[in-house]
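Close look at the chain arrangement
Here are the chains, one letter per residue:
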Amino acid sequence: DTGSAAAVPIDDVDIAYVTPVTIGTPPQTLQLDFDTGSSDLWVFSSHTPASQVRGQEIYSPNKSSTAKLLEGHTWSITYGDGSASRGNVYVDNFTVGGLSVAQQAVQTAQQVSSSFTSETNIDGLLGLGFSTLNTVSPKSQLTFFDNAKASLDSPVFTVDLKAQAAGTYDFGFIDKAKYTGEITYVPVNTNPGYWTFTSSGYAVGSGSFSSQSITGIADTGTSLVYLPTAIVTAYYRQVSGATNSRNYGGYVFPCSSALPTFTFGVGDARFTIPSSYISYSPIAPGSSTCFGGLQSSSGLGINIWGDVALKAAFVVFNGANPPTIGWAKK
Ligand SMILES: O=C(CCCl)NNC1=[NH+]CCN1
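An account of the accompanying structure is given in this report.

What counts, and at which threshold
Residues numbered from 1 in each chain as written. Predicted model: local features only at pLDDT ≥ 70, side-chain atom pairs only at ≥ 80, totals over all residues. Heavy atoms only, no water. Pairing = 2+ DSSP bridges. Helix = DSSP H or I, 4+ residues; strand = E, 2+ residues; numbered from the N terminus. Axes fitted to C-alpha atoms, helices over the stretch in contact; angles between N-to-C directions. Buried < 20%, exposed > 50% of the residue type's maximum accessible area, 1.4 Å probe, protein only. Near = heavy atom within 4 Å. Polar contact = N/O pair within 3.5 Å; in protein donor to acceptor, adjacent residues only side chain to side chain. Areas by Shrake-Rupley, 256 points an atom, 1.4 Å probe, with all protein chains shown as cover. Nonpolar A, V, L, I, M, F, W, Y, C, P; charged D, E, K, R; others polar. Contact = heavy atoms within 4.5 Å. Disulfide = S-S within 2.5 Å.

1. Considering the sheet that holds strand S19 (residues 279-282)
- Pairing in this open sheet of four strands is antiparallel, and the strands run S15-S16-S20-S19 from one edge to the other. Every interior strand has two partners, whereas the edge strands, strand S15 (243-245) and S19, have only one. Pairwise comparison of adjacent strand axes, ignoring direction, gives a mean angle of 45° for this sheet.
- Two elements, strand S16 (residues 250-254) and strand S20 (residues 289-292), share three bridges in a ladder whose sense is antiparallel. The residue bridging Val252 from the neighbouring strand is Phe291, located in S20.

2. Some thoughts on unusual backbone geometry
- A cis geometry characterises the amide bond from Asn191 onward to Pro192, with omega recorded as 5°.
- Relative to the helices and strands, Pro192 resides in the loop between strand S11 (180-187) and strand S12 (196-204).
- Here the amide bond leading from Asn321 into Pro322 is cis, since omega sits at 0°, within 30 degrees of zero.
- Locating Pro322 in the fold gives a position in the loop between strand S23 (314-318) and strand S24 (324-329).
- Backbone geometry places Gln164, a non-glycine residue, at a positive phi of 55°.
- Mapped onto the elements, Gln164 comes out in the loop between strand S9 (156-162) and strand S10 (165-171).
- Since its relative accessible area comes to 45%, Gln164 is described here as partly exposed.

3. Looking at the pairing of strand S7 (residues 99-112)
- Here strand S4 (residues 41-43) runs beside S7; their pairing, made up of two bridges, is parallel. Note that in S7 the partner of Trp42 across the bridge is Gln107.
- Where strand S6 (residues 84-96) lies against S7, 11 bridges are found, and the strand directions are antiparallel. Directly across from Val89, in S7, lies its bridge partner Gln107.
- The antiparallel pairing of S6 with S7 creates a hairpin that spans two residues between the two strands, and Gly97 there sits at a positive phi of about 50°.

4. Describing the site of the ligand
- Around the ligand lies a shell formed by Asp35, Gly37, Tyr79, Gly80, Asp81, Leu125, Tyr194, Ile217, Asp219, Gly221, Thr222 and Ile302.
- Residue Gly221 places a main-chain N or O atom 3.4 Å away from a nitrogen atom belonging to the ligand.
- Contact distances for the ligand include 3.5 Å between a nitrogen atom and a side-chain N or O atom of Thr222.
- The fraction of the free accessible surface of the ligand (350 Å²) that becomes covered by protein chains is 91%.
- Of the residues belonging to the shell around the ligand, the class tally is five nonpolar, four polar and three charged.

5. Some details on the sheet that holds strand S17 (residues 262-266)
- Spatial strand order, S18-S17-S12-S13-S22-S14-S21: seven strands in an open sheet with mixed pairing. Looking at the sheet topology across the chains shown, the edges are occupied by strand S18 (269-273) and strand S21 (294-296). Across the sheet, the mean angle separating the axes of adjacent strands is 45° when strand polarity is ignored.
- Both strand S13 (residues 210-218) and strand S22 (residues 303-305) contribute to a ladder of three bridges, which runs parallel. Its bridge partner being in S22, Ile217 is matched across the sheet by Ile304.
- Packed on one face of the sheet, helix H3 (residues 229-236) meets S12, S13, strand S14 (225-227), S17 and S21 and runs near 135° to S21.

6. Quick word on the side chain of Thr222
- Within the element layout of this structure, Thr222 appears in the loop between S13 and S14.
- Polar side-chain contacts of Thr222 include one of 2.6 Å to the side chain of Asp219.
- In contact with Thr222, not counting residues within four places along its chain, are Ile304, Gly306 and Asp307.

7. What to know about the state of the cysteines
- Per the stated rule, a full pass over the model turns up one disulfide.
- Here Cys255 pairs with Cys290 through a disulfide, and the sulfurs are 2.1 Å apart. Around the S-S axis, the bridge from Cys255 to Cys290 shows a dihedral of about 105° and counts as right-handed. Of this pair, Cys255 sits in the loop between S16 and S17 while Cys290 sits in strand S20; the two residues are 35 residues apart in sequence, bridging distant segments of the chain.

Set out below in structure tokens:
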């Protein structure tokens with residue numbers, strides 16, 4: 001088996017990407033944020049208070065002849081950005097890009113935090129982290145990828161995110177048309193359950209490459225790149241007018257400033273994030289102050305290679321034993 005589905009940016013700064021999925025019988029279509037940084041599959045639902053729903057599509061299990069309540073099971077999750085949700089659990093038929101899983105655990109939201117209510121283009125999340133992170137209690141549930149893995153031609157999924165264009169999530173195969181050159185694979189540490197790998201270093205603009213280990217997670221569910229303060233200050237030192245603003249919660253700079261590129265290493269390979277991806281967005285519509293796509297991870301306790309970095313590569317999430325992660329140019 002294989003599957004392939006579009007990853008569509010939800011706004012003009014690629015804050016997140018959504019992918020269509022169908023749930024139940026007859027099929028209900030929702031747009032989910034595929035998230036390699038978590039492992040719960042949750043949806044806005046008929047259980048979500050109307051006051052917390054602002055145009056999102058909802059899943060109604062009572063309209064699906066194949067839905068079954070997972071008695072006595074609940075879930076509750078808080079993400080790295082402080083957003084949160086919780087609720088009940090059903091199992092139902094679930095399809096992504098032609099790839100179907102019967103009896104997929106679908107977590108229905110009874111409560112979502114304000115940032116999910118405000119994100120009107122996201123109808124829920126589909127976790128692609130390791131199932132050890134799943135929050136369902138008393139029995140944790142498997143991710144869509146873990147449920148599908150045995151029937152896939154190859155136990156992999158690939159991520160091809162694009163700037164202001166539709167990319168793809170492929171399951172079960174590696175599409176040679178989506179990348180150039182070789183794929184550089186490096187080990188993954190599955191503890192505690194993220195796709196954690198170690199980058200081999202970085203360079204700012206045309207500067208020299210600094211070889212150093214930077215351990216972090218490949219996270220499609222996070223918009224920006226969060227790295228150690230020393231690296232981030234070295235970057236913004238090259239940006240005139242840049243400052244680390246407590247007010248705006250990170251590095252900002254005049255939108256007119258020239259930004260260097262940012263290069264990161266994976267093994268012997270080098271990936272360059274274009275300046276345009278790092279000139280992330282005006283801090284408010286029409287403002288001449290811009291917020292950076294590269295920020296410090298010091299407040300997080302973890303380094304995160306989010307969409308700003310993933311957009312610069314074709315990434316293979318290899319779920320074999322042991323798992324590895326592969327990066328290629330495109
Ligand atoms: O929660 C994280 C970071 C884990 Cl360290 N990524 N996934 C996600 N989903 C929604 C916001 N962020």
